[in-house]
Amino acid sequence: VPITNIRNFCIIAHIDHGKSTLADKLLEMTGTVQKRDMKQQFLDNMDLERERGITIKLQAARMRYIMNNEPYCLNLIDTPGHVDFSYEVSRSLAACEGALLVVDASQGVEAQTLANVYLALESNLEIIPVLNKIDLPGAEPDRIAQEIEEIIGLDCSNAIRCSAKEGIGIIEILDAIVTKVPPPKDTLKNPLRALIFDSYYDAYRGVIVYFRVIDGSIRKGDKICFMANKKEYVADEIGVLSPNQMEADELHAGEVGYLSASIRSVADARVGDTITHFAKRAESALPGYSEATPMVFCGLFPLEADQV
Ligand SMILES: Nc1nc2c(ncn2[C@@H]2O[C@H](COP(=O)(O)OP(=O)(O)OP(=O)(O)O)[C@@H](O)[C@H]2O)c(=O)[nH]1
């Protein structure tokens, strides 16, 4: 699809307000993932996340959506919901032009939601308010809409009322993404700048980097360099996330994808770093990069249920 039909967005929500359930419904309604293949919570598929009940890993999914006979490509970029990840959240927001602000219509706005909304506003994202769980008897969408207006100052007169669980309001959300979120800027002719918003280690292929092409384009086989860590690689494989990895030859400005380049350590593919071409470097890196702060996560799992 042309760049004018691409929409990159993320979902901002407090834990348990329904982000994963909504993401699953968007994937299902757009036919990205067939219902029979739908694992519980596709975007939330790490065991560790299940154990802790929080979203840690950022991931992304490309959806096809047709509105008024026009095909659109909607890229959902997942954001971690936990307070410890505000830098990672800010980088995934920087990869988007819009955000769904999902608020539980029976609970209202929570502090962490606010922090992430302010990050989104700083990144100049178009924010679409969504009131979820309207199926619950205790839901008060009108009161919560007013609360959002008062606390955040966001116009909620057209806030979408939905139930991610029951599948109510999902088409309205998809339509709002198309009509309200601006398309990416057409900077295809500029030197390559791609923003790394996630990476993970794959035992067979080395580090897999998730990125958004901000300027220019990247082709399979290109010699690339990471501007902050100054290392050079060959992009052996690039592709899109639909939501499983699907190889492609080239990704253009505005698109979201992954690459593998025999990178040995995730520390070499830091979130927020800028990918550019070795031979035709961008003059400056994308703003907002920050060095890693040491952080350790530890998961303990019993081998048998009776050991808990
Ligand atoms: N009644 C009702 N329950 C919902 C709805 N959407 C989500 N839930 C439930 O709310 C709980 C939390 O939903 P999740 O989608 O896991 O929330 P989340 O924000 O992704 O939570 P984390 O992954 O922990 O960040 C689950 O038990 C869902 O089944 C809804 O529209 N109506």
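Our structure is the block above this text.
Quick look at the structure, then. Because the structure is a prediction, the values reported are computed rather than measured. Residue numbers run consecutively from 1 along every chain, following the written order of its sequence. pLDDT decides what is reported in this predicted model: residues at 70 or higher carry local features, side-chain atom pairs at 80 or more are listed and counted, and totals for whole chains, interfaces and linings draw on all residues regardless. Side-chain metrics rest on all non-hydrogen atoms present in the structure, leaving aside hydrogens and water.

The secondary structure content of the protein amounts to six helices and 16 strands. C-alpha atoms of the protein, sized along the principal axes, occupy 60 × 55 × 40 Å. Each residue gets one of three labels from its accessible area relative to the maximum for its type: buried under 20%, exposed over 50%, partly exposed in between, using a 1.4 Å probe on protein chains only. Out of the 308 residues in the protein, the part that is buried amounts to 55%. Here the analysis covers contacts within the protein between residues at least 6 apart in sequence; of these, 71% occur between residues at least 24 apart. Only the protein chains shown count as cover for residues, and the accessible areas themselves come from Shrake-Rupley with a 1.4 Å probe. A total of about 14,600 Å² of accessible surface is found on the protein, and carbon and sulfur atoms cover 49% of it. Under the counting rule used here, the positive set is Lys and Arg, the negative set is Asp and Glu, and His together with the chain ends is not counted. To locate a charge, take atom NZ for lysine, CZ for arginine, CG for aspartate or CD for glutamate. One finds the centroid of the 31 positive side-chain charges in the protein at a distance of 6 Å from the centroid of its 45 negative side-chain charges. Put simply, DSSP H or I for four residues or longer makes a helix, DSSP E for two residues or longer makes a strand, and each gets a number counted from the N terminus. Throughout, a residue-residue contact means that at least one pair of heavy atoms, one from each residue, lies within 4.5 Å.

Centres within 6.5 Å are what make two rings of Phe, Tyr or Trp a pair, Trp counting through its six-membered ring; a difference in plane orientation under 30 degrees is then read as stacked, over 60 as edge-to-face, and the rest as tilted. Applying the stated criterion across every chain yields a total of three aromatic pairs. With a centroid separation of 6.3 Å and an interplanar angle of 45°, the aromatic rings of F197 and Y210 are classed as tilted. With F197 in strand β7 (residues 193-202) and Y210 in strand β8 (residues 206-215), this pair connects stretches of sequence that are 13 residues apart. Summarising the burial analysis for this pair, F197 and Y210 share the class buried. An angle of 70° between the planes, with centres 5.9 Å apart, marks the rings of Y200 and Y210 as edge-to-face.

Overall, antiparallel pairing links the eight strands, which are arranged β11-β10-β16-β7-β8-β15-β12-β13 in an open sheet. Both edges of this open sheet fall to β11 (232-234) and β13 (245-248), since each of them pairs with a single strand only. Across this sheet, the average inter-strand angle for adjacent strands is 40°, counted without regard to direction. Paired strands, in this sense, are two strands between which DSSP finds at least two bridges. Bridge count between strand β10 (residues 223-226) and strand β16 (residues 274-277): three bridges; the pairing is antiparallel. Across the sheet, C225 pairs through a bridge with T276, a residue of β16. Each axis is a line fitted through C-alpha atoms, and for a helix only the stretch in contact is used; angles between axes span 0 to 180 degrees, taken between their N-to-C directions.

Moving on to the packing of helix α1 (residues 19-29) against helix α6 (residues 170-180). Closest axis-to-axis distance for the α1/α6 pair is 10 Å, and the angle between their directions is 85°. When the axes of α1 and α6 are compared, the pair comes out roughly perpendicular. Note on element contacts: α6 touches α1 through I170, I173 and L174, opposite L22, K25, L26 and M29. Three residue categories are used. Nonpolar comprises Ala, Val, Leu, Ile, Met, Phe, Trp, Tyr, Cys and Pro, charged comprises Asp, Glu, Lys and Arg, and polar comprises the others, including Gly. Considering only residue class, the contact of α1 with α6 consists of six nonpolar, no polar and one charged. Roughly parallel covers angles under 35 degrees, roughly antiparallel covers those over 145, roughly perpendicular covers 65 to 115, and oblique covers all other angles.

Before going further, it helps to examine a nonpolar patch on the surface. Note that patches include only residues with greater than 30% relative accessible area and no salt bridge, and the join distances are 9 Å for like charges and 5 Å for nonpolar side chains (Val, Leu, Ile, Met, Phe, Trp, Tyr). In the sections that follow, a salt bridge refers to a side-chain nitrogen of Lys or Arg positioned within 4 Å of a carboxyl oxygen of Asp or Glu. On the surface, a nonpolar cluster with roughly 250 Å² of combined accessible area is contributed by Y118, L121 and I151. Inspection of the secondary structure assignment puts I151 in helix α5 (residues 141-152).

Axis separation between helix α3 (residues 86-94) and helix α4 (residues 111-122) bottoms out at 9 Å; the angle between their running directions is 40°. One element, α3, and the other, α4, form an angle in the oblique class. Once α3 is placed against α4, the crossing between them reads as right-handed. When α3 is examined against α4, the residues S86, V89, S90 and L93 are found in contact with a partner set consisting of N116, L119 and A120. Among the residues making up the contact of α3 with α4, the classes are represented as four nonpolar, three polar and no charged. With the far helix as reference, a near helix turned anticlockwise by less than a right angle produces a left-handed crossing, and one turned clockwise produces a right-handed crossing.

Further remarks concern the environment of T30. Relative to the elements of secondary structure, T30 occurs in the loop between α1 and α2 (47-52). With a relative accessible area of 13%, T30 lands in the buried category. Once the C-alpha coordinates of T30 and Y289 are considered, the two residues, 259 residues apart in sequence, prove to be 34 Å apart. When near neighbours in sequence (up to four residues on either side) are disregarded, T30 contacts M63, R64, Y65 and L174. Here a polar contact is taken to be a pair of N or O atoms separated by no more than 3.5 Å, where protein atoms must pair a possible hydrogen donor with a possible acceptor and residues adjacent in sequence count only if both atoms sit in side chains. Polar contacts involving the side chain of T30 include one to the main-chain carbonyl oxygen of L27, which spans 3.2 Å.

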